[in-house]
Amino acid sequence: MSIQTIASALLEEKQTPSHLTRRVYDALAPVYGVSAQLFHSRAHTAAHRASGIEDGARVLEVGMGSGEMFGRLVTGNPGGQTFGVDLSPNMAARSQADVRRKFPEVAAQCQAADASRLPFARHSFDAVVCCFLFELLGDVQIEDSLLEIRRVLKPEGRLTLTLVGEKKRAFSAAYALASKVAPAFWGRQVDESLVNMLPSFGFNVVTDFYLRQLFYVSRVVSAVKTQR
Ligand SMILES: C[S@@+](CC[C@H](N)C(=O)[O-])C[C@H]1O[C@@H](n2cnc3c(N)ncnc32)[C@H](O)[C@@H]1O
């Protein structure tokens with residue numbers, strides 16, 4: 001993979017957003033783990049704790065990227081089953097190879113799939129986790145993905161999210177600019193609107209806090225599926 005391949009994927013603007021996102025993250029799969037470690041690892045640890053996942057659970061991570069959080073989920077759930085999906089086939093293949101190598105005995109499986117069309121039956125999971133995914137989805141995709149996550153969660157199952165959470169004006173301006181230059185990589189900040197819409201999609205927020213890693217602020221939100 002050359003710098004040119006990454007650059008052309010980042011700057012390409014003629015295709016549908018999902019197609020573009022897939023291309024960008026396919027190209028970044030070999031190197032993405034560095035940025036996840038640098039900016040996301042504290043949020044991953046906090047989200048894992050907030051999720052309340054116990055060993056023996058059926059767990060799904062949506063948009064697991066190159067598998068940094070997925071490894072934590074598998075480590076904490078050796079007696080259960082852990083599944084991961086990502087739009088990017090390269091990310092899914094990388095995470096799958098990693099998990100096979102590190103945890104050959106554990107029931108864990110990654111595959112390529114879209115968050116808005118999850119390939120699982122209703123009421124399949126005790127917990128769903130999404131880290132820095134929703135920023136990359138369009139408005140309709142966000143709604144469809146929340147509906148899908150609700151569908152695959154068991155009654156009273158738990159959804160845990162990490163989101164870009166910085167509120168400073170300078171950050172928002174820089175993020176908005178980055179989103180214009182390379183929307184398929186950066187997405188846009190959605191934490192306020194997303195957290196506000198959770199109740200109307202049948203989720204009751206039980207944990208909501210912010211943390212910082214270097215200059216990067218993350219918001220960790222955990223919500224329980226309600227009866228409707
Ligand atoms: C910013 S990365 C975050 C990766 C990882 N969750 C982390 O915390 O480091 C977002 C990931 O979401 C995936 N993604 C984007 N749109 C998606 C969709 N519609 N369905 C599933 N995964 C998607 C991307 O391919 C990428 O791997």
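Placed above this text is the structure.
Residues numbered from 1 in each chain as written. Predicted model: local features only at pLDDT ≥ 70, side-chain atom pairs only at ≥ 80, totals over all residues. Heavy atoms only, no water.

**Q** Just to check I follow, could you spell out the site of the ligand for this structure?
**A** Inspection of the region around the ligand gives 23 residues, with H44, G63, D86, A115 and C131 positioned closest. With respect to the ligand, the side chain of H44 contributes an N or O atom lying 2.8 Å from an oxygen atom. L87 is positioned with one of its backbone polar atoms (N or O) 3.0 Å from a nitrogen atom of the ligand. For the ligand, whose accessible area on its own is 590 Å², the fraction buried by protein is 98%. The set of elements that each furnish at least two residues to the shell around the ligand consists of α2 (17–28) and α3 (32–51). Among the elements that take part in the shell around the ligand, α3 stands out by supplying four residues, more than any other. In terms of residue class, the shell around the ligand is built from 13 nonpolar, seven polar and three charged. (Near = heavy atom within 4 Å. Polar contact = N/O pair within 3.5 Å; in protein donor to acceptor, adjacent residues only side chain to side chain. Areas by Shrake-Rupley, 256 points an atom, 1.4 Å probe, with all protein chains shown as cover. Helix = DSSP H or I, 4+ residues; strand = E, 2+ residues; numbered from the N terminus. Nonpolar A, V, L, I, M, F, W, Y, C, P; charged D, E, K, R; others polar.)

**Q** What's the story with the packing of α2 against helix α5 (residues 89–102) in this structure? I'm lost.
**A** How two helices sit against one another is set out by the angle between their axes and by the gap between those axes. At their nearest, the axes of α2 and α5 sit 7 Å apart, and the two run at 40° to each other. Considered as vectors, α2 and α5 are oriented oblique to each other. Each of R22, Y25 and D26 in α2 lies in contact with α5, whose residues at this interface are P89, N90 and M91. (Axes fitted to C-alpha atoms, helices over the stretch in contact; angles between N-to-C directions. Parallel < 35°, antiparallel > 145°, perpendicular 65-115°, else oblique. Contact = heavy atoms within 4.5 Å.)

**Q** Would you mind going over the pairing of strand β1 (residues 58–62) with me for this structure?
**A** For a regular strand, side-chain orientation follows a simple rule: the groups alternate between the two sheet faces. A large share of β1 lies buried, amounting to four of its five residues. As defined by bridge partners, β1 adjoins strand β2 (residues 81–86) across five bridges and the pair is classed as parallel. Within β2, the position partnered with V62 by the bridge is V85. Once the chain exits β1 it traverses helix α4 (residues 68–75) before rejoining the sheet at β2, and the crossover so formed is right-handed. (Buried < 20%, exposed > 50% of the residue type's maximum accessible area, 1.4 Å probe, protein only. Pairing = 2+ DSSP bridges. Right-handed = clockwise from strand over helix to strand, strands pointing away.)

**Q** Which parts of the structure should I look at to understand the pattern of salt bridges?
**A** Within the structure shown, the criterion is met by 12 salt bridges. As a salt-bridge pair, K154 and D126 come within 3.2 Å of each other at their nearest N and O atoms. Of this pair, K154 sits in strand β5 (residues 153–164) while D126 sits in strand β4 (residues 125–131), and the two are 28 residues apart along the sequence. On the basis of relative accessible area, K154 is assigned to the partly exposed category, the value being 28%. Overall, D126 belongs to the partly exposed group, its relative accessible area being 30%. In this structure, the salt-bridge partner of R188 is D139, at a minimum N-O distance of 3.1 Å. Taken together, the residues span a long stretch of sequence, with R188 in the loop between α8 (183–186) and α9 (191–197) and D139 in helix α6 (residues 139–152) at a distance of 49 residues. A relative accessible area of 33% means that R188 is categorised as partly exposed. In the salt-bridge network here, residues are joined through shared partners; they are K167, D191, E192, D208 and R219. (Salt bridge = Lys/Arg side-chain N within 4 Å of Asp/Glu carboxyl O.)

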